[in-house]
Structure formats: C-alpha cells, structure tokens
Amino acid sequence: MSELRWILIGFGIVLLAAIYLWGRRGQSRESASETHLRARPEPSLDGDAHSGGSEGGISGPDEALAPAWEDPQGRSVQFRPIEDEAPPAPVPERDRGLAHEGVRERREPTFGEADITEELPARREPAVAAPTLSSSDAPPPRRIERRKILSVRLSLLPQRVPGDTLLECLLNESLEHGKYSVFHRLHTDGQAVFSVASMVEPGTFDLETMSEVDYPGVTLFAQLPGPVPGMHALNELIACARRLQQALGGTLQDERGVPLTVHRIERMRQEVREFERPGRAPTTESAHP
C-alpha cells in the first residue's frame, strides 16, 4: 500500500513539472512574438527608386536584418524601419505630368503675386431724401360749405293741369326756363333765388312738348346760401306758391307731403334763422323736394 502511494506522489510531481515547463514555453513564445512585432519595420514599396546596386534591395547597414518578400508581380520588396526612411524630395511641378501638350496648366492665384487685380471699392448709390411737403406746399384744408334746401309742393292731384296752362302761369310769375331745364326766379346777378320743377320724374320741362303733357303739380325749392338772405328767399318762394295755388288750385305741402300750415311755415323760418346764425358749425342740411 505504501508503494502505491509513493508511485502516485511521483506521478503527480512529474505531472506538475510538465505543466510548469509547458507554461514557461508558452510565455516565451508570446514574449518573442511581441518583440518581433515591435521590431518589425513598415513595408516600403519604392525599392526601385532607392535601390543601391542590388536587385530590388535597399542599401544600408541594416540590409541583412530587413526581411524581404516578393509581390505577385515578381518584384522583391524589402522592409526597413520608418525612422531610417528619408522624406521624399518635392517633385517639381513641371515633372508631375499633370499638364499635357495642348492643355494649359492652371495656376492658382496667390496673394503674393504682383499682378493680382485689386478689388474695386463697392459702389454706393447716393442717398435720396424722401420728398416732404412744407407748410407752404401743403394743400389747404377742404372747406365744407353749409347748404340747406327749402322746399314747398303744389299738388294738383287727383286732377292734372295742362302744360300750356301751367306754362302761362309760370311766365306770369317772372320765371325763366333755363339751367337743368327747369324754371328759375333770377336775381340781378343772374343767380337763382328759387326754382320750379315738375313733380313728374325727372322734374324737367321740355318747352317743345310741354303743351302736350298734363302735370300733377310742381315743386318750388331754394338753396341756401343764395344771392339773397335766406328769409327773403323763403318769403318769395311761399308767396309764389300761394299765387300758383290760386291760379291752378290744388294743395300746398311741405317736403314730406304734409299740408303746409302756418305753424309749418313758422318752423321753416326758424330753421333758416338757425342756419344763418353766426358761428354755427359747418354742416350740410338739405330737404328733399
């Protein structure tokens, strides 16, 4: 039994020694591989340009240590350390082969050349001042003229008056046919104090055909301000309307078609006084005829 124990102990010692030696051998291989990789120079393929007398070789003291190999085309290429490789000399531009016969070589401009074109200054347009209006050039403010229309109707409905009869009555009132084809009571300066128009649209009188038309009435109206004071124009208008009513008949009405009463006439006079009052705000008043 003791012999078997010693045999097993010896076998274990031998096994441990073998394992130890195998591990040392692997470490040695790894160390050698790392050393070889560190000392391995970079390959250089320009053997033809730096050959020193040997075929595809590299001259120098380290020629025996640099490994060589052959590429697929049969050229022998030898490696050398990077630190021993001199930088390639600059090749003149005329030898680069970039320009060929018939093609002009392009040169990039540099700031150091004497024939460089100077940059032209930017052209600036002269500033033009915006037009302004001075106080003397400004148009005067538009003045709103105050106006007022006084209107009275003479309605003959349901009867009508023949045109020749109406014409005779209008001429007897010193009314003249004129502007806008209506009759006017003219002032000495030629302006109308009041006017008379037909109640038939458009309110005009055609002297050539007036005798052939029957009229339902007329409208008397005056515009203020006029050639005479407003109260004078209103009194002449009402007086003419009453005389035409006496000659033709019918009913006197205001601009709304309401019968013209004394109270309404007084109200119209009050409106004229209000219109002609000094210092009154400029407005435009009108009454539809």
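Only a predicted model underlies this, so the values are computations on that prediction, with no experimental measurement involved. (Residues numbered from 1 in each chain as written. Predicted model: local features only at pLDDT ≥ 70, side-chain atom pairs only at ≥ 80, totals over all residues. Heavy atoms only, no water.)

### Remarks on the pattern of salt bridges
Okay, so step 1: Tallied over the full model, the rule gives 12 salt bridges.
Okay, so step 2: Put simply, Arg264 and Glu255 hold a salt bridge, and the shortest N to O gap is 2.7 Å. Here the two residues Arg264 and Glu255 agree in accessibility, since each one is buried.
Okay, so step 3: Taking the shortest distance from any N to any O, the salt bridge between Arg277 and Glu274 comes out at 2.6 Å.
Okay, so step 4: Through salt bridges that share partners, Lys148, Asp254, Glu255, Arg256, Arg264, Arg267 and Glu271 make up one connected network. (Salt bridge = Lys/Arg side-chain N within 4 Å of Asp/Glu carboxyl O. Buried < 20%, exposed > 50% of the residue type's maximum accessible area, 1.4 Å probe, protein only.)

### Things to note about the confidence of the model for the protein
Okay, so step 1: Taken residue by residue, the protein gives an average pLDDT of 75. The fraction at 70 or more is 56%.
Okay, so step 2: Scored below 50 in pLDDT, residues 47-66 makes 19 contacts in the model with residues more than four places away or belonging to other chains.
Okay, so step 3: pLDDT under 50 marks residues 282-289. Its contacts with residues more than four places away, or in other chains, come to 22 contacts. (pLDDT = per-residue confidence, 0-100. Contact = heavy atoms within 4.5 Å.)

### Regarding the nonpolar core
Okay, so step 1: Judged by nonpolar contacts, the single largest core of 35 residues is most densely connected at Leu166, Leu170, Phe194, Val196 and Leu220.
Okay, so step 2: For this core, the secondary structure elements donating two or more residues are strand E3 (148-155), helix H2 (163-172), strand E7 (192-198), strand E9 (217-224), helix H3 (230-248) and helix H4 (262-275).
Okay, so step 3: Broken down by element, this core gets its largest block of residues, 8 residues, from H3.
Okay, so step 4: Other than its neighbours up to four places away in sequence, Leu170 contacts Leu175, Phe183, Val196, Met210 and Leu244. (Core = buried A, V, L, I, M, F, W, Y, C linked by side-chain atoms within 4.5 Å. Helix = DSSP H or I, 4+ residues; strand = E, 2+ residues; numbered from the N terminus.)

### Notes on the pairing of E9
Okay, so step 1: Buried residues dominate E9, accounting for 6 of its 8 residues.
Okay, so step 2: In this structure, E3 lies alongside E9, joined through 8 bridges in antiparallel fashion. If you follow Lys148 over to E9, its bridge partner there is Leu224.
Okay, so step 3: As judged from the 4 bridges shared by E7 and E9, these two strands associate in the antiparallel manner. When the sheet's bridge partners are listed, Ala197 is paired in E9 with Thr219. (Pairing = 2+ DSSP bridges.)

### Observations concerning the pairing of E7
Okay, so step 1: Across the 7 residues that make up E7, a large majority, 6, are buried.
Okay, so step 2: Strand direction decides the pairing type here: strand E6 (residues 183-186) and E7, joined by 4 bridges, are antiparallel. Bridge pairing in E7 places Phe183 opposite Val196.
Okay, so step 3: Two successive antiparallel strands, E6 and E7, enclose a turn made up of 5 residues, where Gly190 displays a positive phi of approximately 90°.

### Comments concerning the sheet that holds strand E10 (residues 251-253)
Okay, so step 1: Strand order in this open sheet of 6 strands is E5-E6-E7-E9-E3-E10, and the pairing throughout is antiparallel. This sheet does not close on itself; its edge strands, each paired only once, are strand E5 (176-177) and E10.

### Regarding the environment of Gly163
Okay, so step 1: As for its placement among the helices and strands, Gly163 is situated in helix H2.
Okay, so step 2: Taking the relative accessible area as the measure of exposure, Gly163 reaches 1% and is therefore buried.
Okay, so step 3: For Gly163 and Tyr215, which are 52 residues apart along the polypeptide, the C-alpha to C-alpha distance reads 6.5 Å.
Okay, so step 4: For Gly163, the residues in contact, after removing those within four places along its chain, are Met210, Ser211, Val213, Asp214 and Tyr215.

### Quick notes on the packing of H3 against H4
Okay, so step 1: Here H3 crosses H4 at 155°, and the two axes come no closer than 9 Å. Of the possible angle classes, the one that applies to H3 and H4 is roughly antiparallel. With respect to the hand of their crossing, H3 and H4 are arranged in right-handed fashion. Residues Gly230, Met231, Leu234, Asn235, Ile238 and Arg242 of H3 form the contact with H4, whose participating residues are Ile265, Met268, Arg269, Val272 and Arg273. (Axes fitted to C-alpha atoms, helices over the stretch in contact; angles between N-to-C directions. Parallel < 35°, antiparallel > 145°, perpendicular 65-115°, else oblique. Left-handed = near helix turned anticlockwise from the far one by under 90°.)

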